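# Report on the structure
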Amino acid sequence: MSSNAEIERRIGNDYQAGFVTNIESDTLAPGLDEDVVRFISAKKGEPEWLTEWRLKAFRAWQEMVEPDWAHVTYPKPDFQALSYYSAPKSMADKPKSLDEVDPELLATYEKLGIPLHEQMALAGVAVDAVFDSVSVATTFREKLAEAGVIFMPISEAVHEHPELVKKYLGSVVPQRDNFYAALNSAVFSDGSFVYIPKGVRCPMELSTYFRINEAKTGQFERTLIVADEGSHVSYLEGCTAPMRDENQLHAAVVELVAMDNAEIKYSTVQNWYPGDKEGKGGIYNFVTKRAVAHTNAKVSWTQVETGSAVTWKYPSCILKGDNSVGEFYSVALTNNFQQADTGTKMVHLGKNTRSTIISKGISAGKSQNAYRGLVRMNPNAEGARNYTQCDSLLIGDQCGAHTFPYIESKHPSAVVEHEATTSTVSDDQLFLCRQRGIDTEKAVSMIVNGFCKEVFKELPMEFAVEAGKLLEVSLEGSVG
Amino acid sequence: MISIKNLHANVEDKQILKGLNLEIGPGEVHAIMGPNGAGKSTLGNVLSGRDGYEVTEGSVVLNGKDILEMEPEERAREGLFLAFQYPVEIPGVSNLEFLKASVDAVRAHQGKDALDSVQFLKLAREKCKAVNLDASFLKRGVNEGFSGGEKKRNELMQMMLLEPELCILDETDSGLDIDALQVVAEGVNAMRDPKRSFIVVTHYQRLLDYIVPDYVHVLANGRIVKSGGKELALELEEKGYGWLENSDNGAA
Ligand SMILES: Nc1ncnc2c1ncn2[C@@H]1O[C@H](COP(=O)(O)OP(=O)(O)OP(=O)(O)O)[C@@H](O)[C@H]1O
Ligand SMILES: [Mg+2]
């Protein structure tokens, strides 16, 4: 057996978050029209303005066509065959505390390694747990409130902080921004809302854990983070879903606002179900993430993308204020039949704005992995700088890596640097490892981890270890 | 130690080893010389189990165990070490991390606990010093950007760390400057032990002035065509290989 075949045998799929939670859910019948939009809004008891806001988005969406410029191919989802709202029955009368939450739900998160009881929780990390269309629990809310930090499901923030939500919702990603953003704006279910007041350094890591459970549903989460002047926050999101044969849709919108001198660090560990070895099932992950950075502000996106059947995602920065900084650190791993088209947009509006893009794409199996990035220097972006480094690693000879960098520079003093490399995990490298007693799995994971080092060091420490393990699992097969 | 009998091996359906016999006892140093393309590196690759090298006949027994059925990593853990003629680079994986994984794997196989990072670093630094490599090489990617000679010394350093029972050195001397040649020879000599054996593949008699072999063999056309003591190397230096071609005597 050639060692390529050997690698392929070993890098099967071992998705560990693939279980289903057996609970009764209130799931809306499949289909999408204005009544469904109204239903979701009513279910959440939303004020009139928000219902109208959703309807406006829905009407815009109806006029739009699904984009097809990404380097991915998949059967187009039938939007009328999906259910747009599903919530555990037990969540119907809003549990007041964790003791009232269905133990089955708590057990689900425990099994995923996210205990929601504060005394058992990872020290220093507050968690908002979103299950299908609703938030199940948010930990450490009181402790955060003492610092003036607001961290709650967006569905609650609509009621408790309507002025903030109204001001910022859609301010970074407008309703009609793109096909999936419009769909999300119409039917978004839950997600997290974060507000850090002026000058406050958020005392804990904030994180949201998204779980899709119910079959034939879509998850449309909406996250909004506002860091007021001079504040600082580090936020992490994680995602998993059961193994199901049909494809499921996840279309999220994330908006970040970093006011003057503020800093937001946003990390993602995306591990949606990728489908099986034959490419059956898996999540369609179509996400719009964008940040606006005001004067001297800094926004840093770090993502580790290992899951999903199809990923379409470009966390971006609008560097609006002078001296603002945008960063994008990405590891995207595809295996089997997974497809990823991911990257970033750095739009330099202000003077002396700076951006850094480090993208590491790993392709294995029969997968396709594309980096797509835009760096735009606008006419006022005097002295702006970008550095892009884009590396691809191929494992085996049946996968593909692609790079689509777009550079638009409208200011003569702006500097854009771009470097790209493609390498493979060679038979010779593996043989060197094995000759030294290191087995193939360990060797592949060591080589891949080495390749990703620059990105992992940007993750909060607790999660860097987890991300390394996740890569290992995503690459490993059933061979122990 | 190792007993190689009637070994036939193919590479891409081409027969390269054609009935090779070699017996190596514990503590012995055997030098293998022979013309380019004779099959010397192939022998090292076959013994260490590299993919693509197909054994069609014969047997290889290491310390009483048939190793031909073992995976390369198992053979390594059983104490077989191959210092490569052309060591490959693994960018991004630090030499230290690589060495630790290697030593941990071998120790685990021997039922020993893994060394802690501090102990290991200390040990690795010692070995670097022994082969005259700066400790900064531990931080660099495996062989990444190393010069030819540095790569060879790095191989030797790994051999010292792993303390294997059978060391196969494939032209570890080629590309070394005179000082490095001595460093390598001293390293090998320091490792000579009644329980450890060496196969030293070389084209140059001069290495054998430093590492004095117990036996010298000539590998030509996939077989050992002549064996003798260290004086055979001198004879070869003088006469070349022409006079031996097609001769089939003297297999060890
Ligand atoms: N992977 C391979 N594919 C095709 N032919 C190979 C391969 N490996 C070895 N060979 C062939 O096998 C023969 C023996 O090669 P080998 O490398 O063992 O020679 P060698 O004795 O080590 O020579 P040198 O002294 O030049 O290092 C050569 O003809 C070589 O071309
Ligand atoms: Mg050779």
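Calculation notes
Residues numbered from 1 in each chain as written. Chains lettered and ligands numbered in written order. Predicted model: local features only at pLDDT ≥ 70, side-chain atom pairs only at ≥ 80, totals over all residues. Heavy atoms only, no water. Pairing = 2+ DSSP bridges. Helix = DSSP H or I, 4+ residues; strand = E, 2+ residues; numbered from the N terminus. Donors = N, O, S within 2.8 Å, 3.2 Å for Na, K, Ca; no water. Buried < 20%, exposed > 50% of the residue type's maximum accessible area, 1.4 Å probe, protein only. Right-handed = clockwise from strand over helix to strand, strands pointing away. Expected span 1.5 Å × (residues − 1). Polar contact = N/O pair within 3.5 Å; in protein donor to acceptor, adjacent residues only side chain to side chain. Axes fitted to C-alpha atoms, helices over the stretch in contact; angles between N-to-C directions. pLDDT = per-residue confidence, 0-100. Contact = heavy atoms within 4.5 Å. Parallel < 35°, antiparallel > 145°, perpendicular 65-115°, else oblique. Nonpolar A, V, L, I, M, F, W, Y, C, P; charged D, E, K, R; others polar. Near = heavy atom within 4 Å. Areas by Shrake-Rupley, 256 points an atom, 1.4 Å probe, with all protein chains shown as cover. Salt bridge = Lys/Arg side-chain N within 4 Å of Asp/Glu carboxyl O. Phe/Tyr/Trp six-rings, centres within 6.5 Å; stacked < 30°, edge-to-face > 60°. Buried area = accessible area lost by both parts, 1.4 Å probe.

Reading across from one edge, β2-β1-β4-β5 (chain B) is the order of the 4 strands in this open sheet, with antiparallel pairing throughout. Two strands bound the open sheet, and with one partner strand each, they are β2 (14–24) and β5 (65–66) of chain B.

Moving on, we get to the coordination of the magnesium ion (ligand 2). Residue and element names in this part refer to chain B. Protein coordination at the magnesium ion (ligand 2): the donors are Ser41 (OG) and Gln85 (OE1), at 2.0 to 2.3 Å from the metal. A residue pair is termed long-range when its members are at least 10 positions apart, and serine 41 in helix α1 (residues 40–48) and glutamine 85 in the loop between β6 (80–83) and β7 (90–94) qualify at 44 residues. For serine 41, a relative accessible area of 25% translates into the label partly exposed. We classify glutamine 85 as buried; its relative accessible area is 15%.

This part takes up the pairing of strand β9 (residues 166–170) of chain B. Residue and element names in this part refer to chain B. In terms of burial, β9 is a largely internal element, 5 of the 5 residues being buried. The two faces of β9 match: Leu166, Ile168 and Asp170 on one face and Cys167 and Leu169 on the other face are all buried. Here β6 runs beside β9; their pairing, made up of 4 bridges, is parallel. Directly across from phenylalanine 81, in β9, lies its bridge partner cysteine 167. Where β9 lies against strand β10 (residues 197–201), 5 bridges are found, and the strand directions are parallel. Across the sheet, residue isoleucine 168 finds its bridge partner in β10, namely isoleucine 199. As for the winding sense of the linkage, the β-α-β connection from β9 through helix α6 (residues 178–191) to β10 is right-handed.

Bringing α6(B) into the picture now. Residues and elements named next belong to chain B. Under the 1.5 Å per step criterion, the end-to-end length of α6 is 20 Å for 14 residues, consistent within 8% with the ideal 20 Å. Within α6 the residues assigned to the buried category are Ala180, Leu181, Val183, Val184, Ala185, Gly187, Val188 and Met191. The backbone nitrogen of aspartate 179 lies 3.0 Å from a side-chain oxygen of the residue at the head of α6, namely aspartate 177.

Quick look at the sheet that holds strand β4 (residues 134–138) of chain A now. Residue and element names in this part refer to chain A. Taken in spatial order, the 10 strands line up as β4-β3-β7-β10-β13-β15-β18-β20-β22-β24 in an open sheet, and their pairing is mixed. Only two strands of the sheet have a single partner each, and these edge strands are β4 and β24 (415–424). For this sheet, the mean angle separating the axes of adjacent strands, direction not counted, is 10 degrees. Pairing of strand β15 (residues 298–305) with strand β18 (residues 325–334) involves 8 bridges; the strand directions are parallel.

Looking at the element boundaries, Glu48(A) is found in helix α3 (residues 48–63). Considering only alpha carbons, one finds Glu48(A) and Tyr284(A), 236 residues apart in sequence, at a separation of 31 Å.

With that out of the way, let us pick up the confidence of the model for chain A. A residue-level look at chain A finds 94% of positions with pLDDT of 70 or above and a mean pLDDT of 86. Note on residues 1–13 of chain A: pLDDT under 50 across the span, and 45 contacts to partners over four residues away in sequence or across chains.

The subject of this paragraph is the packing of helix α3 (residues 95–109) of chain B against helix α4 (residues 117–130) of chain B. The relative placement of two packed helices comes down to the angle between their axes together with the axis-to-axis distance. Residues and elements named next belong to chain B. Packing of α3 against α4 brings their axes to within 11 Å, and their N-to-C directions diverge by 110 degrees. The orientation of α3 with respect to α4, classified from their angle, is roughly perpendicular. Side by side, α3 and α4 meet where Leu96, Leu99, Lys100 and Val103 of the first sit next to Ser117, Phe120, Leu121 and Ala124 of the second. Looking at the contact of α3 with α4 residue by residue, the class counts come to 6 nonpolar, 1 polar and 1 charged.

Residue and element names in this part refer to chain B. Around ligand 1, the surrounding shell holds 16 residues, and the nearest of these are Gly37, Lys40, Ser41, Thr42 and His203. At 2.9 Å from an oxygen atom of ligand 1 is found a main-chain nitrogen or oxygen belonging to glycine 39. For ligand 1, whose unbound accessible area comes to 630 Å², protein coverage reaches 67%. The biggest single contributor to the shell around ligand 1 is α1, with 3 residues. Among the residues forming the shell around ligand 1, the class breakdown is 5 nonpolar, 7 polar and 4 charged.

Under the criterion given, the structure shown has 27 salt bridges over all chains. Between Glu155(B) and Arg436(A) there is a salt bridge; the shortest N-O distance is 2.6 Å. Of this pair, Glu155(B) sits in helix α5 (residues 148–162) while Arg436(A) sits in the loop between α9 (427–435) and α10 (440–456), placing the two residues on different chains. Under the relative-accessibility criterion, Glu155(B) is labelled buried at 0%. Between Glu458(A) and Lys457(A) there is a salt bridge, with its nearest N and O atoms 3.8 Å apart. For Glu458(A), a relative accessible area of 17% puts it in the buried group. Linked through salt bridges whose partners overlap, the residues forming this network are Arg434(A), Asp51(B), Glu71(B) and Glu73(B).

Residue and element names in this part refer to chain A. Inspection of the entire model under this criterion finds 22 aromatic pairs over all chains. Residues phenylalanine 39 and tyrosine 85 carry aromatic rings whose centres are separated by 6.2 Å and whose planes lie at 75 degrees to one another, so their mutual orientation is edge-to-face. In this pair, phenylalanine 39 is assigned in helix α2 (residues 34–43) and tyrosine 85 in the loop between α3 and β2 (86–88), connecting sequence segments 46 residues apart. Residue tyrosine 85 is classed as buried on the basis of its relative accessible area, which comes to 6%.

As a further point, take the interface of chain B and chain A. With 32 residues of chain B at the interface, the matching set in chain A holds 20 residues. Between chain B and chain A, the buried area comes to about 2,200 Å², and carbon and sulfur atoms account for 59% of it. Counting across the chain B and chain A interface gives 6 salt bridges. In this structure, Asp51(B) engages Arg434(A) in a salt bridge whose closest nitrogen and oxygen atoms are separated by 3.8 Å. Of all elements in the fold, only α1, α2 (72–77), β6, β7, α3 and α5 of chain B reach the threshold of two or more residues within the side of chain B that touches chain A. A total of 6 residues in the side of chain B that touches chain A trace back to one element, the largest contributor, which is α3(B). Residues belonging to the side of chain B that touches chain A are distributed by class as follows: 16 nonpolar, 8 polar and 8 charged.

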